[in-house]
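# Examining the three-dimensional arrangement
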Amino acid sequence: MTQSATKTIRPLGDRIVVKPIEREEVTKSGIVLPDTAKEKPQMGVVLAVGPGKILENGQRQPMDVQVGQTVLFAKYAGTEFELDGEDVLILRESDVMGILGE
Amino acid sequence: MTQSATKTIRPLGDRIVVKPIEREEVTKSGIVLPDTAKEKPQMGVVLAVGPGKILENGQRQPMDVQVGQTVLFAKYAGTEFELDGEDVLILRESDVMGILGE
Amino acid sequence: MTQSATKTIRPLGDRIVVKPIEREEVTKSGIVLPDTAKEKPQMGVVLAVGPGKILENGQRQPMDVQVGQTVLFAKYAGTEFELDGEDVLILRESDVMGILGE
Amino acid sequence: MTQSATKTIRPLGDRIVVKPIEREEVTKSGIVLPDTAKEKPQMGVVLAVGPGKILENGQRQPMDVQVGQTVLFAKYAGTEFELDGEDVLILRESDVMGILGE
Amino acid sequence: MTQSATKTIRPLGDRIVVKPIEREEVTKSGIVLPDTAKEKPQMGVVLAVGPGKILENGQRQPMDVQVGQTVLFAKYAGTEFELDGEDVLILRESDVMGILGE
Amino acid sequence: MTQSATKTIRPLGDRIVVKPIEREEVTKSGIVLPDTAKEKPQMGVVLAVGPGKILENGQRQPMDVQVGQTVLFAKYAGTEFELDGEDVLILRESDVMGILGE
Amino acid sequence: MTQSATKTIRPLGDRIVVKPIEREEVTKSGIVLPDTAKEKPQMGVVLAVGPGKILENGQRQPMDVQVGQTVLFAKYAGTEFELDGEDVLILRESDVMGILGE
C-alpha cells in the first residue's frame with residue numbers, strides 16, 4: 001500500500017483525525033487506564049485537524065488541538081476507518097478531554 | 001433513460017447529493033473500511049451542494065464541501081433515491097466527516 | 001366539487017402545500033425511488049408557500065422553495081388533507097431535501 | 001347560559017382560541033379530511049388571538065393569525081374546554097398549519 | 001391558623017401563585033370543563049406574580065399575568081402546597097393558557 | 001465536630017446551599033405540605049449563594065435568592081451532603097419556586 | 001514510576017482534572033457524605049483547569065475553579081484514568097457544585 005501513502009483526510013468542522021495508541025503502549029508510557037466501572041478514556045496522536053465549527057453568530061471557533069499532540073478521549077467516541085493500512089478515528093474536538101504533556 | 005439524462009437535484013440548505021462509492025472500489029483505492037463494532041463510514045463523490053444553512057442571526061453559513069470532492073460520511077446517514085438510473089444520497093453537510101485528498 | 005374550486009390554503013411560517021406525485025408517474029419521469037432499507041423520499045409539486053419562519057433575532061427567513069417547483073421530501077413528512085377533491089400535504093420547508101430540475 | 005354570554009378568554013403569548021368545525025360541516029364545505037394512516041388535520045374558526053410570544057432578544061413576535069379566520073391544525077393539538085356552552089380549543093399559533101381562503 | 005395569616009410566597013422568575021377554583025364553582029360560573037379524552041384545563045385566581053424570567057440577552061421579560069386575574073392552566077401543571085390552610089399552586093406563566101374576562 | 005465548625009461551601013454558578021426544614025417544623029409554622037398526588041415541595045433556609053450563572057452573551061445573571069431567606073423547592077431537587085454534622089442540600093436557583101415572607 | 005512524574009494533562013474547554021479524596025479522609029475532615037437515597041457528592045483536589053468553554057457569541061467564559069481548591073461534585077460525574085500511578089478524574093466545571101473553604 002506504499003503507492004497510496006499520500007492518502008489524507010481533511011476533517012470538516014471541529015473534527016480531528018486521531019491514530020489511537022494501543023493499551024500496551026499506554027501502560028509503558030506511565031499512564032495506566034484502569035479497569036473500573038467508570039467510562040475508560042483512550043489515547044491517540046492527532047494526525048489532522050478541521051478548521052473549527054461555525055458558531056450561531058457566524059464566527060468560526062478556532063481549534064485548541066494541534067497536529068502531533070497526544071490526546072485523551074472517550075473510548076467509544078468517533079468513527080473508525082482504515083487509512084493507508086492504519087486504523088484511525090475521526091472525532092469531534094468536544095470528545096477530546098485533554099492534551100497530554102510531559 | 002438517456003432521454004432523462006439532464007435530471008438534476010438542487011439540494012436545499014446544508015444538504016449535498018452524493019454518489020456512494022462501492023466497497024470494492026474503496027478497497028482498491030487503498031482505504032479499507034474495517035468490519036468492527038464501531039460505526040463504519042462510507043465514501044462518495046459530491047454531485048451537488050446546497051447554498052448552506054441559515055444561522056439564527058439570519059446569515060447563510062457557506063458550505064465547506066464542493067462538487068467533485070470525495071467525502072467520508074456515516075453509513076446510515078442520508079436518504080437514498082435513484083436519479084437517472086444511479087443510486088444517490090442526499091446528506092446534510094454535518095453528516096460529512098471529512099474530505100479525502102491525495 | 002367545481003363550486004369549491006377556489007378553496008385555497010395559505011400556509012403559515014415555513015410551511016408549504018404540496019401535491020404529491022404518484023409512484024407510477026415518478027418512474028415514468030426517469031427518477032426511480034428504490035425499495036431499500038433506507039428511508040424513501042417522495043416527490044411533489046409545490047402549490048403554496050408560507051412567508052418563512054421568524055428567527056430568534058426577529059427577522060423572517062425567506063423561503064427557498066417557490067410555487068410550481070417539484071420537490072423531494074421524506075416519505076412520512078407532513079400532514080395530509082383533501083382540498084377540492086385532491087390529496088395534498090402540508091410540509092415544513094426543512095422537510096424538503098431538494099428541488100428537481102431538468 | 002345566556003347570562004354568561006359575555007365570558008371571554010384572553011389567550012397568553014402565541015396562543016389562540018378556536019371553535020372547531022365539525023367533520024360534517026367540513027365535508028359540505030368541499031374540503032375532505034381523508035381517513036388515512038397520516039395524521040389528520042382539523043379546522044376551526046379563530047375566536048381570540050394572543051399578543052404573540054417573546055423572542056430571546058426581548059421582542060414580541062407579531063401573530064400571523066387573525067380573529068375570524070378559518071385555520072387548519074393538527075387533530076390532537078391544544079386543550080379543549082367549554083365556554084358559554086360551546087366547545088373551544090386553546091392552541092399555539094405554531095400548531096396552525098395554514099389559513100383557509102376562497 | 002389565624003396567627004399565620006400573614007404568610008406569603010414571593011414567586012421567583014416567571015412563576016405565579018394561584019388559588020385553584022373548584023369544579024363546582026367553575027360550572028356555576030358558566031364555563032364547563034368537559035370530560036373528554038383531551039387534556040382538561042383548570043381555573044384559578046392569581047395570588048402572587050414573580051418578577052419575570054431572564055432572557056438570554058440579560059433582559060427580564062415582563063409578566064402578562066397580574067394579581068387578581070382568573071387564569072386557565074393545564075390540569076397537571078405546577079406544584080401544590082398549603083398556605084395558611086388553603087391549597088395553592090405554584091405555576092410558571094408559560095403554563096397559563098389564558099386570562100378569563102367578562 | 002466543633003473543631004470543624006468553620007467548614008463552608010462556596011456554591012458555583014446559580015447554585016445555593018440550603019438547610020432543609022423538617023416536616024414537623026413546617027407544620028408548626030402554619031404552612032402545611034399536603035399528601036397528594038402532586039409533587040410536594042420542601043422548605044429550607046439559604047446558607048450560601050453562588051455568583052450566578054453566565055448567560056450566552058457572557059453576562060453573569062444576578063441571583064434573586066439571598067442568604068437567610070426561607071425558600072420553597074421541589075422535594076427531589078438537589079444533592080444532599082453533611083456539613084459539620086448537619087444535612088444540607090445544594091440546589092440550583094431554578095429549582096427554587098419561591099421565597100417565604102411574613 | 002518516578003521517571004514519568006512529569007506527565008500532565010492539559011484539560012480542554014471547561015474541563016478540570018481532580019484527584020478524588022477517599023471517603024475515610026472525608027469523614028476525618030468533619031464533612032460526612034450520608035448514605036441516603038439522594039445522589040451523593042464526592043470531593044477532590046483540583047490538579048489542572050482548562051481555559052474555559054466558548055460561548056455562542058465567541059467569547060471564552062473564564063473558569064471559577066482554580067488549581068489547589070477542594071471541590072464537591074456528583075459521584076458519577078467525569079471520566080476516571082490513572083496518571084503516574086494515581087487515580088484522577090476529568091470533569092466539566094458544570095459538574096462542580098461548590099468549592100470547600102474553612
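Okay, so let's go over this structure. Keep in mind the model is a prediction, meaning the values are calculated, not measured.

## A few points about the side chain of Glu93 of chain B
Take Glu93 of chain B: it is sitting in the loop between strand S6 (86-92) and strand S7 (96-101). Look at Glu93 of chain B: it is buried, it has no salt bridge, and the nearest opposite charge is Arg60 of chain A at 7.3 Å. Here Asp64 of chain B takes part through its backbone nitrogen, which lies 2.7 Å from a polar atom of the side chain of Glu93 of chain B. If sequence neighbours within four positions are ignored, Glu93 of chain B has contacts with Leu12 of chain A together with Asp14, Met63, Asp64 and Val65 of chain B.

## Regarding the pairing of strand S5 (residues 70-74) of chain G
Residue and element names in this part refer to chain G. With four of five residues buried, S5 lies mostly within the body of the structure. Of the pairings in the sheet, the one linking strand S4 (residues 41-49) to S5 comprises five bridges and is antiparallel in character. Each residue of the ladder has a partner; that of Gly44, found in S5, is Val71. Pairing geometry for S5 and strand S8 (residues 96-101), over four bridges, is antiparallel. Bridge pairing links Val71 to Ile99 in S8.

## Examining the sheet that holds strand S1 (residues 8-11) of chain A
The seven strands lie next to each other as S1(A)-S7(B)-S4(B)-S3(B)-S2(B)-S6(B)-S5(B), forming an open sheet whose pairing is antiparallel. At either end of the open sheet lies a strand with only one pairing partner, and these are S1 of chain A together with strand S5 (79-83) of chain B. The sheet shows a mean angle of 45° between the axes of neighbouring strands, direction not considered. Pairing of strand S2 (residues 15-20) of chain B with strand S3 (residues 41-49) of chain B involves five bridges; the strand directions are antiparallel. The partner of Val18 of chain B across the bridge, within S3 of chain B, is Val46 of chain B.

## Things to note about the sheet that holds strand S7 (residues 86-92) of chain A
Strand order in this open sheet of seven strands is S6(A)-S7(A)-S2(A)-S4(A)-S5(A)-S8(A)-S1(G), and the pairing throughout is antiparallel. Two strands lie at the open edges of the sheet, namely strand S6 (79-83) of chain A together with strand S1 (8-11) of chain G, each paired on one side alone. Neighbour to neighbour, the strand axes of the sheet diverge by 45° on average, direction disregarded. Direction of pairing for S6 of chain A relative to S7 of chain A: antiparallel, over a ladder of five bridges.

About the cut-offs
Residues numbered from 1 in each chain as written. Chains lettered and ligands numbered in written order. Predicted model: local features only at pLDDT ≥ 70, side-chain atom pairs only at ≥ 80, totals over all residues. Heavy atoms only, no water. Helix = DSSP H or I, 4+ residues; strand = E, 2+ residues; numbered from the N terminus. Buried < 20%, exposed > 50% of the residue type's maximum accessible area, 1.4 Å probe, protein only. Lys, Arg positive; Asp, Glu negative; His and termini not counted. Salt bridge = Lys/Arg side-chain N within 4 Å of Asp/Glu carboxyl O. Polar contact = N/O pair within 3.5 Å; in protein donor to acceptor, adjacent residues only side chain to side chain. Contact = heavy atoms within 4.5 Å. Pairing = 2+ DSSP bridges. Axes fitted to C-alpha atoms, helices over the stretch in contact; angles between N-to-C directions.

The values are spatial; any link to function lies outside them.
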